Amino acid sequence: MDLILWRHADAELGHEELADHLRRLTPKGQKQAQKMAYWLDSVLPHNCRILVSPAVRTRETVAALAKLNRQFKIVEELNTEASAEDLLRVAHWPDARETVLLVGHQPALGEVATRLITPIQNSCAVRKGNVWWITQKERDGEGLRTYLKAIMTPDLVIK
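Residues numbered from 1 in each chain as written. Predicted model: local features only at pLDDT ≥ 70, side-chain atom pairs only at ≥ 80, totals over all residues. Heavy atoms only, no water.

A. Quick peek at the side chain of D2. Counting through the fold element by element, D2 comes out in strand β1 (residues 2–7). Residue D2 is classed as buried on the basis of its relative accessible area, which comes to 15%. A distance of 3.1 Å separates the side chain of D2 from the side chain of W133, its partner in a polar contact. Residues in contact with D2, not counting those within four places in the same chain, are E98, T99, V100, W133, I134, T135, Q136 and K149. (Helix = DSSP H or I, 4+ residues; strand = E, 2+ residues; numbered from the N terminus. Buried < 20%, exposed > 50% of the residue type's maximum accessible area, 1.4 Å probe, protein only. Polar contact = N/O pair within 3.5 Å; in protein donor to acceptor, adjacent residues only side chain to side chain. Contact = heavy atoms within 4.5 Å.)

This is the structure we're talking about:
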């Protein structure tokens, strides 16, 4: 199974009058989302399941990918308070047959990455707008092994 973690792009700062889940992308975040969507569309398999937090900033992030005719589903369990366990359960890790892309938030994304690729650390920081691609493969009769396949940042995408 391949699991891809995409943290929402750069968003406006929260404040007392603005609920966290209503924060929108900044102009910089819009550009980050467009660049990453372009790259993701070029590498994602056609049957990839794309699951998205209901927060405005994650929906705006994935909207750039939707413009490239990718379908996605908003999943309440991926909200801003989600845990690593919530994300792994929603993705059906490690048993899903298709690639799953989760569009969500820190710290849960970093906790998932840590659990799967660096179990001796407590957490990883997934930067805004970045994509982490985690895969599992059978290796020479040793059973399934988990690997970090790629980390991509908007700055590395040439469009």
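B. Here's a closer look at the sheet that holds strand β4 (residues 100–104). Ordered by their spatial adjacency, 6 strands build an open sheet running β3-β2-β4-β1-β5-β6, and the pairing between neighbours is mixed. Edge positions in the sheet fall to β3 (73–74) and β6 (144–152), since each of these pairs with one other strand and no more. Judged from the 5 bridges that link them, β1 and strand β5 (residues 131–138) form a sheet pairing that is antiparallel. Each bridged residue has a counterpart across the sheet, and for W6 the counterpart in β5 is V131. (Pairing = 2+ DSSP bridges.)

C. Up close: unusual backbone geometry. In this structure, P94 follows W93 across a cis peptide bond, with omega equal to 0°. Mapped onto the fold, P94 is located in the loop between α3 (84–91) and β4. Cis geometry marks the peptide bond from Q106 to P107; its omega dihedral reads 5°. Examined against the element boundaries, P107 turns out to sit in the loop between β4 and α4 (108–117). Residues other than glycine seldom take positive phi values, yet N69 does so here, at roughly 70°. Here N69 shows up in the loop between α2 (56–66) and β3. N69 gets classed as exposed once you look at its relative accessible area, which sits at 68%. One non-glycine residue with positive phi stands out, namely H92, at about 60°. As for its position among the elements, H92 is in the loop between α3 and β4.

D. Structural context of the layout of surface pockets. Considered as a void within the structure, the largest pocket measures approximately 210 Å³ in volume. What lines the largest pocket is D10, K28, K31, Q32, K35, R127, K128, N130, T153, P154 and D155. Here the lining of the largest pocket is built from residues that sort into 1 nonpolar, 3 polar and 7 charged. (1 Å grid on protein atoms, 1.4 Å probe; cavity = no way out; pocket = protein on both sides within 12 Å on 5 of 7 lines; lining within 4 Å. Points joined across faces, edges and corners; volume = space filled by probe spheres on them. Nonpolar A, V, L, I, M, F, W, Y, C, P; charged D, E, K, R; others polar.)

E. Quick look at the nonpolar core. Counting residues in hydrophobic clusters, the biggest one holds 25 residues, and the most contacted among them are L3, L5, L87, V100, L102 and V112. If you list the elements that add at least two residues to this core, you get β1, α3, β4, α4 and β5. Those residues in contact with L102 that sit more than four places away from it in its chain are L3, I4, L5, W6, L51, L78, L87, A91 and L109. W39, C48, A64 and L101 belong to the second largest nonpolar core, which has 22 residues in total. (Core = buried A, V, L, I, M, F, W, Y, C linked by side-chain atoms within 4.5 Å.)

F. Focus on the packing of helix α1 (residues 27–43) against α2. Where α1 contacts α2, the two axes come as close as 8 Å, and the packing angle between them is 45°. Relative to α2, α1 is oriented oblique. Note on packing geometry: the crossing formed by α1 with α2 is right-handed. On α2, the residues touching Q30, A33, Q34, A37, L40 and D41 of α1 are E60, T61, A64 and L65. A per-class count over the contact of α1 with α2 returns 5 nonpolar, 3 polar and 2 charged. (Axes fitted to C-alpha atoms, helices over the stretch in contact; angles between N-to-C directions. Parallel < 35°, antiparallel > 145°, perpendicular 65-115°, else oblique. Left-handed = near helix turned anticlockwise from the far one by under 90°.)

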